[in-house]
Amino acid sequence: AAAWTALKAWLAKTGVFEAVAPDPSCPTLQRAVREQRLKQEELTTFPYSDETVFKIAREFGDPIIVAGAVSEYRYDASANRAEISLSLTVVDPANPNARRTVGVSGMSKPQPTVGTQEALIVEAADDAGLKAAAAIAGITPDALKERVTQALSQADAAAKAAKKPARRGISRGFLFMLAA
């Protein structure tokens, strides 16, 4: 869950994607069931088949699909470190034969400020999410961090000038995500 949450957050920070995961109970998918474009069983059978993935994606306007899983997880209590590896497949429904694989590993900080296993996992997941989002967006992790810093600075400056709270949402696109 930590890796999934981090990936969704970093994808939104690219300024290109908005990450969502399909919820079988969402109105869009339930309407597709009522109108017989999807079967209820297709929405509740995991992992989704390729055919079901594309059917679901069409209901959301054929966004980019990212499916994947945590491929490796390690926790070393003696070193106070955690590592998470993600293996993802990126598919554009407009060209479903052009699949791209993204594999990244994230680690907790060398001298973590936190020491619990859960906190180290979250740190490692955040690092993996940053690297995966950057790879999907076609930029470096440092460039993504810089983008986020600039967007936050601009939002804060605009908010101060207007004396209003800063709005920090910079998403302009849509990304559809499925857990495999």
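Colleague: Help me understand the pattern of salt bridges, please; the structure alone is not making it clear to me.
Modeller: Opposite charge on two side chains permits them to pair, given that their charged atoms come into close proximity. The full count for this structure, using the stated rule, is eight salt bridges. Between E42 and K55 there is a salt bridge whose closest N-O contact spans 2.8 Å. Of this pair, E42 sits in helix 3 (residues 40-44) while K55 sits in helix 4 (residues 50-59), placing them 13 residues apart in sequence. Accessibility classification places E42 together with K55 in one group, the buried group. With its nearest N and O atoms 3.0 Å apart, the salt bridge here joins R99 to D50. With a gap of 49 residues between them, R99 in strand 4 (residues 95-107) and D50 in helix 4 connect regions that are remote in the sequence. If you follow the salt bridges from partner to partner, you end up with E35, R37 and E59 in one network.

Colleague: So what exactly am I meant to see when it comes to the environment of T101 here?
Modeller: One can find T101 in strand 4. Look at T101 and you get exposed, because its relative accessible area is 62%. Between the C-alpha atoms of T101 and S87, which are 14 residues apart in sequence, the distance is 7.3 Å.

Colleague: It is not clear to me how the packing of helix 1 (residues 2-13) against helix 5 (residues 117-137) should be interpreted in this structure. Could you clarify?
Modeller: Axis angle and axis distance: for two packed helices, these are the angle between their axes and the distance between the axes, and together they describe the pair. The N-to-C vectors of helix 1 and helix 5 enclose an angle of 40°; their axes lie 7 Å apart at closest approach. By the angle between their axes, helix 1 is oblique relative to helix 5. Once helix 1 is placed against helix 5, the crossing between them reads as right-handed. Along the contact surface, helix 1 presents A2, A3, A6, L7, W10 and L11, while helix 5 presents I121, V122, A125, D126, G129, L130, A132, A133 and I136. Considering only residue class, the contact of helix 1 with helix 5 consists of 13 nonpolar, one polar and one charged.

Colleague: Which parts of the structure should I look at to understand unusual backbone geometry?
Modeller: Trans is the common state for peptide bonds, and a negative phi is the common state for residues other than glycine. Phi at Q36 takes a positive value of approximately 65°, unusual for a residue other than glycine. As for its position among the elements, Q36 is in the loop between helix 2 (27-34) and helix 3. Non-glycine residue N80 carries a positive phi angle of around 55°. Within the secondary structure, N80 is located in the loop between strand 2 (64-76) and strand 3 (81-92). With relative accessibility at 24%, the residue N80 sits in the partly exposed group.

Colleague: Would you mind going over the environment of T116 with me for this structure?
Modeller: By the element assignment, T116 lies in the loop between strand 4 and helix 5. The exposure class of T116 is partly exposed, given its relative accessible area of 47%. The spatial distance from the C-alpha of T116 to the C-alpha of N80 is 8.3 Å, given a sequence separation of 36 residues.

Colleague: What should I look at first to understand the confidence of the model for the protein chain in this one?
Modeller: Atomic detail in the predicted coordinates should be set aside for any region of low pLDDT. Within the protein chain, residue pLDDT values average 82, and 87% of them lie at 70 or more. Element-level pLDDT for the protein chain is lowest in strand 5 (residues 175-179), with a mean of 44, against a maximum mean of 94 in helix 2. Here residues 166-180 is modelled with pLDDT under 50, and outside its nearest four sequence neighbours on either side it reaches 65 contacts, counting other chains as well.

Colleague: Would you explain the nonpolar core in this entry?
Modeller: Among soluble globular proteins, nonpolar side chains are generally buried collectively. One finds L11, L86, L88, I136 and L144 to be the most contacted residues of the largest nonpolar core, which totals 26 residues. Elements with a minimum of two residues in this core: helix 1, strand 3, strand 4, helix 5 and helix 6 (141-162). If one sorts the elements of this core by residue count, helix 5 sits on top with nine residues. L29, F54, A57 and V91 belong to the second-largest nonpolar core, a separate cluster that totals 13 residues.

Conventions we followed
- Residues numbered from 1 in each chain as written.
- Predicted model: local features only at pLDDT ≥ 70, side-chain atom pairs only at ≥ 80, totals over all residues.
- Heavy atoms only, no water.
- Salt bridge = Lys/Arg side-chain N within 4 Å of Asp/Glu carboxyl O.
- Helix = DSSP H or I, 4+ residues; strand = E, 2+ residues; numbered from the N terminus.
- Buried < 20%, exposed > 50% of the residue type's maximum accessible area, 1.4 Å probe, protein only.
- Axes fitted to C-alpha atoms, helices over the stretch in contact; angles between N-to-C directions.
- Parallel < 35°, antiparallel > 145°, perpendicular 65-115°, else oblique.
- Left-handed = near helix turned anticlockwise from the far one by under 90°.
- Contact = heavy atoms within 4.5 Å.
- Nonpolar A, V, L, I, M, F, W, Y, C, P; charged D, E, K, R; others polar.
- pLDDT = per-residue confidence, 0-100.
- Core = buried A, V, L, I, M, F, W, Y, C linked by side-chain atoms within 4.5 Å.

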